[in-house]
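Survey of secondary and tertiary structure
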Amino acid sequence: MTLTRVRREDHIWWIGLDRPSKHNALDQAMVDELDAVLAEARHHPCVLIVHSTTPGVFAAGADITELRDRDADAALLAINAGLFERLEAHRWPTIALIDGPALGGGCELALACDFRIASQNAVFAQPELSLGIIAGAGANWRLPQLAGLATARRMLYAGARIDAREALAAGLVDEVVDQAGLLPERGKALAGTIAKRSWRALELTKLALRSRRPATTTFDIAAQALLFDSEDKHTRMTAFLERRNR
């Protein structure tokens, strides 16, 4: 079953998350599909636009059913963290269009893009600590880098949910549109502006900006491996799944 839809429009690649029954939760199959798209896109000068094919949903994070059963070895594979690293490393700029909840890994997916355009329905949250794990796929450093340490602490420590307007004020998103239906238009306009510039200059500028990134990914992977083997994590995720299935 295909979990992503890819559409090429000149130098713009639309990457649609297409797992509506699970609110686009990232499982291994979807990660593999996204990796394949990124590998192909590296060979074609293009701006990537990551969006959801389902209105009112962006991505609900990692698939808890899979996540609950992953152990330390799986954590050290850096399944989601590795995907988001490769997304961030795409040779040219990337844009996330967020309509509805971007939770956990869904928020981290948006953070890995160069730009974030949100509808008024967008909500951002990092609930990982309530599940006995950490936000180990980039939020520990991308979130404070973009939105500031105070906002990062509220979202990570206290599980605060940030709406679109607060996200804009904090610098978590670049723009908020009044109607969700305008998201594709705004994303296309921004991508079109970028695509008029020198592809080589864009690539080199992105490399220069990425040189400022902190090196915390190794710690996140090691910490997640420790937590993935904990009984607390398994208990909390089981309780989460039981509440959801009631």
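These remarks concern the structure in this document. (Residues numbered from 1 in each chain as written. Predicted model: local features only at pLDDT ≥ 70, side-chain atom pairs only at ≥ 80, totals over all residues. Heavy atoms only, no water.)

**Digging into the overall build of the protein**
Just so we agree on the cut-off: Helix and strand assignments come from DSSP, with helices taken as H or I runs of at least 4 residues and strands as E runs of at least 2, each series counted from the N terminus. When we talk radius of gyration, it's over C-alpha atoms, and the globule rule is simply 2.2 Å times the number of residues to the 0.38. To sort residues, take the accessible area from a 1.4 Å probe on protein chains only and compare it with the maximum for the residue type: under 20% means buried, over 50% means exposed, and anything in between is partly exposed. By definition in these notes, contact holds between two residues if any of their heavy atoms fall within 4.5 Å. Per-residue and other accessible areas follow the Shrake-Rupley method at a 1.4 Å probe size, with only the shown protein chains counted as cover for residues. By the counting scheme adopted, Arg and Lys are positive, Glu and Asp are negative, and His together with the chain ends is not counted. Where a charge lies is defined by one atom per residue type: Lys uses NZ, Arg uses CZ, Asp uses CG and Glu uses CD.
When its secondary structure is counted, the protein shows 12 helices and 9 strands. The C-alpha atoms of the protein give 17 Å as radius of gyration, which agrees with the globular expectation for 246 residues (18 Å, within 12%). Its C-alpha atoms give the protein principal-axis dimensions of about 50 × 40 × 35 Å. By the burial criterion, 51% of the 246 residues in the protein qualify as buried. Long-range pairs, those at least 24 residues apart, make up 74% of the contacts in the protein between residues at least 6 apart in sequence. Summing over all exposed atoms, the protein offers an accessible surface of approximately 11,500 Å²; the carbon and sulfur share of this is 55%. Averaging the locations of the 30 positively and 31 negatively charged side chains of the protein gives two centres separated by 4 Å.

**A word on unusual backbone geometry**
Most peptide bonds take the trans configuration, and most residues that are not glycine carry a negative phi. The phi dihedral of D10 falls on the positive side, at around 55°, and the residue is not glycine. The phi angle at N24 is positive, at roughly 60°, despite the residue not being glycine. Among the structural elements, N24 can be located in the loop between β2 (12-17) and α1 (28-41). The exposure class assigned to N24 is buried, which follows from its relative accessible area of 0%.

**Observations regarding the side chain of H51**
Here H51 lies in strand β3 (residues 47-52). Given the relative accessible area of 18%, H51 is considered buried. Apart from residues lying up to four places away in sequence, H51 is in contact with W14, I15, G16, L17, F58 and L97.

**Focus: the pattern of salt bridges**
Rules: One side-chain nitrogen of Lys or Arg within 4 Å of one carboxyl oxygen of Asp or Glu is enough to make a salt bridge.
Taken as a whole, this structure holds 19 salt bridges when the rule is applied. Between R8 and E40 there is a salt bridge, with the nearest N and O atoms lying 3.7 Å from each other. Placement of R8 in strand β1 (residues 4-9) and of E40 in helix α1 is noted, with a sequence separation of 32 residues between them. By relative accessible area, E40 is classed as partly exposed at 34%. Among the salt bridges present, the one from R236 reaches D232, with a minimum N-O distance of 3.1 Å. One end of the pair is R236 and the other is D232, both in helix α12 (residues 231-244) and 4 residues apart, which spans about a single turn. For R236, a relative accessible area of 37% gives the class partly exposed. When its relative accessible area of 41% is taken as the criterion, D232 is described as partly exposed.

**What to know about the layout of surface pockets**
For clarity, the cut-off: Buriedness for pockets is judged along seven lines, at least five of which must meet protein on both sides within 12 Å for an open set on the 1 Å grid over protein atoms alone, while cavities are sets there where a 1.4 Å probe fits but cannot get out, and lining residues have an atom within 4 Å of a point. Grid points are joined across faces, edges and corners, and a volume is the space filled by probe spheres set on the points. Under this grouping Gly is polar, as are all residues other than the nonpolar Ala, Val, Leu, Ile, Met, Phe, Trp, Tyr, Cys and Pro and the charged Asp, Glu, Lys and Arg.
Its boundaries defined by the atoms lining it, the largest pocket holds a volume of some 760 Å³. Lining the largest pocket are 44 residues; nearest its centre among them are A60, G61, A62, I64 and G105. Put simply, the parts of the chain that give the lining of the largest pocket at least two residues each are α2 (64-69), α3 (72-76), α4 (79-88), β5 (101-103), α5 (105-111), α11 (217-228) and α12. Partitioned by chemical class, the residues of the lining of the largest pocket number 25 nonpolar, 11 polar and 8 charged. Quantified by volume, the second largest pocket comes out at close to 490 Å³.

**As for the environment of I12**
With respect to the helices and strands, I12 occurs in strand β2. For I12, a relative accessible area of 7% corresponds to the buried category. The spacing of I12 and K188 is 176 residues in sequence and 7.8 Å in space, taken between C-alpha atoms.

**Considering empty space enclosed by the protein**
Tallying each qualifying case throughout the model produces 2 cavities of 30 Å³ or more. Its boundaries defined by the atoms lining it, the largest cavity holds a volume of some 60 Å³. In terms of lining, the largest cavity is formed by I15, L34, L38, V50, L83, L87 and L109. Among the secondary structure elements, those contributing two or more residues to the lining of the largest cavity are α1 and α4.

Shape is all these values report; function is a separate question.
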